[in-house]
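# Overview (structure and organization)
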Amino acid sequence: CSEAAVAGGSSGALASLSDSTKSLGNKLGGLGSGRSQAIILSLQNVLYVDVDGINMLEEICHYFDDHHIQVLFCGVREHVLAQLEKREFFQRKQAAHEVFEKSVEALMMLGATAGFNAGPQESWSDYLSKL
């Protein structure tokens, strides 16, 4: 998900939320086929989000929830966070502990739920390269 899509813009910039979300789903192809999967949306470079951007994020979350793919957020700036916290979909993400300060925290949570237990012989990057 590009920053431009998240940040939104004029209503003409987002011709159809449904088409954009389906296109993203098609690009990600095999997600949801078999093993547990997740998408991490890093919003660290998003300085502003308008109503169109929030609506798109909500639609993305619903789309992937419907396909049993977990959507995690990380790096959400304070001003953007204040906007997102007004919406029920984001409140559910927070309640489910799917909002993180840093992307590494989201990766560690996913590793923990996948049974990752790094010992001295295996680094985090070694583990991720096996996925």
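Our subject is the structure that appears above.
## With respect to the packing of aromatic side chains
Under the defined criterion, the tally for this structure stands at three aromatic pairs. A ring pair is formed by F73 and F90, whose centres lie 5.2 Å apart and whose planes are at 75°; its orientation type is edge-to-face. Placement of the pair is F73 in strand β2 (residues 70–74) and F90 in helix α5 (residues 88–95), with a sequence separation of 17 residues. Among the residues examined, F73 registers a relative accessible area of 0% and is labelled buried. Both rings, one in F89 and one in F90, keep their centres 6.3 Å apart while their planes meet at 75°; by these two values the pair is edge-to-face. Of the two residues, F89 and F90, neither departs from the other in class, the shared state being buried. Taken together, the ring pairs connect F73, F89 and F90 into an aromatic cluster.

## Concerning the environment of F64
As for its position among the elements, F64 is in helix α3 (residues 51–66). Each C-alpha atom of the pair F64 and A38 lies 8.8 Å from the other, and the pair is 26 residues apart in sequence.

## Notes on the pattern of salt bridges
Evaluation of the coordinates by the stated rule reveals four salt bridges. Two residues, R87 and E58, come together in a salt bridge whose shortest N-O distance is 2.5 Å. Of this pair, R87 sits in the loop between α4 (78–84) and α5 while E58 sits in helix α3, and the two are 29 residues apart along the sequence. Here R92 and E88 are joined by a salt bridge, their closest N and O atoms 3.0 Å apart. Remark: E88 and R92 occur in helix α5; sequence separation between them is four residues, near one turn of the helix. Classification of E88 by relative accessible area gives exposed; the value is 55%. Members of the salt-bridge network, linked through shared partners, are D65, K93 and E98.

## What about the environment of V76?
By the element assignment, V76 lies in the loop between β2 and α4. Counting along the chain gives 30 residues from V76 to V46, while the straight-line C-alpha distance between them is 7.6 Å. What V76 contacts, discounting residues up to four positions off in sequence, is L43, L81 and L84.

## Notes on the nonpolar core
Counting residues in each nonpolar core, the largest one holds 19 residues, and the members touching the most others are L43, L57, F73, L84 and F89. Every element with two or more residues in this core is listed here: β1 (38–42), α3, β2, α4 and α5. In terms of residues, this core owes the most to one element, α3, which gives six residues. The residues contacting L84, other than those within four sequence positions of it, are L43, I54, L57, V76, F89 and F90. One finds L72, F100, M109 and L110 within the second-largest nonpolar core, a separate group that totals six residues.

Quick notes on the rules
Residues numbered from 1 in each chain as written. Predicted model: local features only at pLDDT ≥ 70, side-chain atom pairs only at ≥ 80, totals over all residues. Heavy atoms only, no water. Phe/Tyr/Trp six-rings, centres within 6.5 Å; stacked < 30°, edge-to-face > 60°. Helix = DSSP H or I, 4+ residues; strand = E, 2+ residues; numbered from the N terminus. Buried < 20%, exposed > 50% of the residue type's maximum accessible area, 1.4 Å probe, protein only. Salt bridge = Lys/Arg side-chain N within 4 Å of Asp/Glu carboxyl O. Contact = heavy atoms within 4.5 Å. Core = buried A, V, L, I, M, F, W, Y, C linked by side-chain atoms within 4.5 Å.

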